[in-house]
Amino acid sequence: GESVGLHLPTLSVQEGDNSIINCAYSNSASDYFIWYKQESGKGPQFIIDIRSNMDKRQGQRVTVLLNKTVKHLSLQIAATQPGDSAVYFCAETSGGYQKVTFGTGTKLQVIP
Amino acid sequence: KAGVTQTPRYLIKTRGQQVTLSCSPISGHRSVSWYQQTPGQGLQFLFEYFSETQRNKGNFPGRFSGRQFSNSRSEMNVSTLELGDSALYLCASSQLAGGDNEQFFGPGTRLTVL
């Protein structure tokens, strides 16, 4: 069945460096992708999204890249800060239903 | 504007019991989705309600059920609890149904089954 997976379970980066979190998906019908951040004790928080007709989208300090050819999604965080420490999930939906499939999550640790 | 609220925040039950969890969406949001989060399985979609109708359902047994009220508040029920039902149950709301509407998550209800 469809799956959304992450390449690395834990990523450690120095404060101020850029972070790149990767995600692979298998459903070629996926048309909408989202990155969420989940801090300890909280629910996931929307970071940025991208539709399948785009290959790049930028937000504040974050950029999402989508490569439909290899079914790969990445989240880039510029100038990583201690407050960025959290678990990051990629997610995808396909069709017009509110069914969202989440990846397994990557824990980002920022080293001061 | 108040965020998504879930009650209770923590719950301890024993095997065989049933439990009801509640979710109040953001004012004006008509879609509510439920997710189960465990260390082993991650975040898994349970079901989604819009205007009191279940629009989509994940791959969970019939012991898991839900409903939505006319004020968009939603409840989910788990009957005959099993140890494996221990998880964080998350509720998310969005203005409209459809996969491309931003979802806002609540803090979750931590259910422990003993």
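Structural data are supplied above this passage.
**Student:** Please clarify how the overall build of chain B should be interpreted in this entry.
**Tutor:** Each helix and strand in chain B was counted, giving 0 helices and 11 strands. For chain B, the succession of helices and strands along the chain, N to C, is β-β-β-β-β-β-β-β-β-β-β. In chain B, which comprises 114 residues, the share counted as buried stands at 52%. Counting contacts in chain B only where the partners sit at least 6 residues apart, residues at least 24 apart contribute 55% of the total. In the structure as shown, chain B presents an accessible area of about 5,300 Å², 47% of it carried by carbon and sulfur atoms. Separation between the mean location of the 11 positive side-chain charges and that of the 7 negative ones in chain B comes to 6 Å.

**Student:** Whenever I open this one, the sheet that holds strand β3 (residues 19-24) of chain B confuses me. Can you help?
**Tutor:** Residues and elements named next belong to chain B. Ordered in space as β1-β3-β8-β7, the 4 strands form an open sheet in which the pairing is antiparallel. Edge positions in the sheet fall to β1 (5-7) and β7 (64-68), since each has one partner strand and no second. Averaged over all pairs of adjacent strands, the angle between strand axes in this sheet comes to 20°, irrespective of strand direction. Here 5 bridges tie β7 to strand β8 (residues 74-78), and the two strands are oriented antiparallel to one another. Bridge assignment links phenylalanine 64 to a residue of β8, and that residue is valine 78.

**Student:** So what exactly am I meant to see when it comes to the interface of chain A and chain B here?
**Tutor:** Each partner contributes to the interface: chain A provides 18 residues, whereas chain B provides 22 residues. Joining chain A to chain B, the criterion identifies 1 residue pair in polar contact (both at pLDDT 80 or more). Sorting the residues of the side of chain A that touches chain B by element identifies β4 (32-38), β5 (45-51) and β9 (86-93) of chain A as the ones contributing at least two each. Top contributing element to the side of chain A that touches chain B by residue count: β4(A), with 3 residues. Of the residues that constitute the side of chain A that touches chain B, the class distribution is 8 nonpolar, 7 polar and 3 charged.

What counts, and at which threshold
Residues numbered from 1 in each chain as written. Chains lettered and ligands numbered in written order. Predicted model: local features only at pLDDT ≥ 70, side-chain atom pairs only at ≥ 80, totals over all residues. Heavy atoms only, no water. Helix = DSSP H or I, 4+ residues; strand = E, 2+ residues; numbered from the N terminus. Buried < 20%, exposed > 50% of the residue type's maximum accessible area, 1.4 Å probe, protein only. Contact = heavy atoms within 4.5 Å. Areas by Shrake-Rupley, 256 points an atom, 1.4 Å probe, with all protein chains shown as cover. Lys, Arg positive; Asp, Glu negative; His and termini not counted. Charge placed at Lys NZ, Arg CZ, Asp CG, Glu CD. Pairing = 2+ DSSP bridges. Axes fitted to C-alpha atoms, helices over the stretch in contact; angles between N-to-C directions. Polar contact = N/O pair within 3.5 Å; in protein donor to acceptor, adjacent residues only side chain to side chain. Nonpolar A, V, L, I, M, F, W, Y, C, P; charged D, E, K, R; others polar.

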